[in-house]
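# Structural description and commentary
What follows is each chain in one-letter form.
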Amino acid sequence: KYPLAITDTVLRKCKCRVCLGYDIACAFCATLRNSSLGQAVKEQGLRCLVGAFHGYAHNRACQLEFHPRNIEGCGYEDFEGCERVFSASNHLAPSTRHASHTIGWRRSTHFPRTPPHDFCASGDFLITKHTAAVKTIRKNHRIVAYGLQKYQLDGDALLELQGQEYRYLKSLKKRPQSELDQIEYLKALNEFWLAEHELQATPREFLRVDTANISSGKPPNIPSGKLPNAPSGKPRKAKKTLSTWEQIYAKVQRAEKKVEAVEARLSIEQRWAENDEAYQEALKKSREHAYRKALDNLERLMVQRLFELEKSTMRATGMPHALSQILS
Ligand SMILES: [Zn+2]
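Residues numbered from 1 in each chain as written. Predicted model: local features only at pLDDT ≥ 70, side-chain atom pairs only at ≥ 80, totals over all residues. Heavy atoms only, no water.

The name an unreviewed UniProt entry gives the protein chain is CxC2-like cysteine cluster KDZ transposase-associated domain-containing protein, with Botryobasidium botryosum as the organism.

Let's shift gears to the packing of aromatic side chains. Inspection of every chain in the model, using the stated rule, returns three aromatic pairs. Between the aromatic rings of Tyr185 and Trp272, the centroid separation amounts to 4.8 Å while the plane-to-plane angle is 80°, which identifies the pairing as edge-to-face. Of this pair, Tyr185 sits in helix H12 (residues 177–201) while Trp272 sits in the loop between helix H14 (235–265) and helix H15 (277–312), placing them 87 residues apart in sequence. The exposure class assigned to Tyr185 is buried, which follows from its relative accessible area of 0%. Here Trp272 falls in the buried class, since its relative accessible area comes to 13%. (Phe/Tyr/Trp six-rings, centres within 6.5 Å; stacked < 30°, edge-to-face > 60°. Helix = DSSP H or I, 4+ residues; strand = E, 2+ residues; numbered from the N terminus. Buried < 20%, exposed > 50% of the residue type's maximum accessible area, 1.4 Å probe, protein only.)

Bringing the pattern of salt bridges into the picture now. In the structure shown here, the tally under the stated rule is twelve salt bridges. Here Arg12 ties to Asp8 by a salt bridge, and the two come within 3.5 Å at their closest N and O atoms. Separated by four residues within a single helix, Arg12 and Asp8 lie in helix H1 (residues 2–13), roughly one turn from each other. The salt bridge partner of Lys251 is Glu198, with a shortest N-O separation of 2.9 Å. In this pair, Lys251 sits in helix H14 while Glu198 sits in helix H12, placing the two residues 53 residues apart along the sequence. Given a relative accessible area of 37%, Lys251 falls into the partly exposed group. (Salt bridge = Lys/Arg side-chain N within 4 Å of Asp/Glu carboxyl O.)

Below, the structure written as structure tokens:
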């Protein structure tokens, strides 16, 4: 809610096009669009960007869309002003971490607010950035011109290449539907075969009443309330076996229906067998899919753990034992 409130203030105070730098602007952009500020954002042409420093921790597709180095008009601005203020505030941590609430509050009131001379220095800041930009242009102009000539490119072509890269990376975000369909069919087939195998392995010694039906894979035709060929003294066991068989048979039917539905949707006329090339290919893709999902999950857990460690062992607070406790 705080970023939304800040954006609202910025929109009301600045009646012009604004670039808003935020560590997670890629995600915040969607939040903004769906919020009550969505219309104002659209009308005022507010542009969200990830700070240059944070941007390198985001993926390439995100960088192409949100990194200031890829956005025309951002120049040398890195959108990391807050980071400098936070960096200055880090010096407060060692002296306030173990202090009482009152002392901590008193010291935090000395938190380095932007001194007046910093505002006065904004002119110097702008001229320094401008001079540096002009220098860089002069220095690299010939190299860029040489590269463009060598590869027969121009500014528009470079933008088009960037757009192509962005579209390509976006297309990788989700696996192709055809691949997902194959994996789904493979899964349905495996479930069906497994259920069939389970049915074959189920004991049938008490199901001899309707052997013709059973051998053809159909449920036994048993009059209700009457158990088939149950050996005397074992009616309970017979009843249990019959019930188990019926459950597994229903499972096989459900699995087969699922397979047939997928086959109809994908127009598969001949059911795959284990030795088929298509089956083996889909199996390979399915394993790769599972491996990548496991990798993603591992990465998520590692990042989560790093955040936990970061929170539990604050820097420069003289608590080295806390880290060793967590790692042990
Ligand atoms: Zn991002």
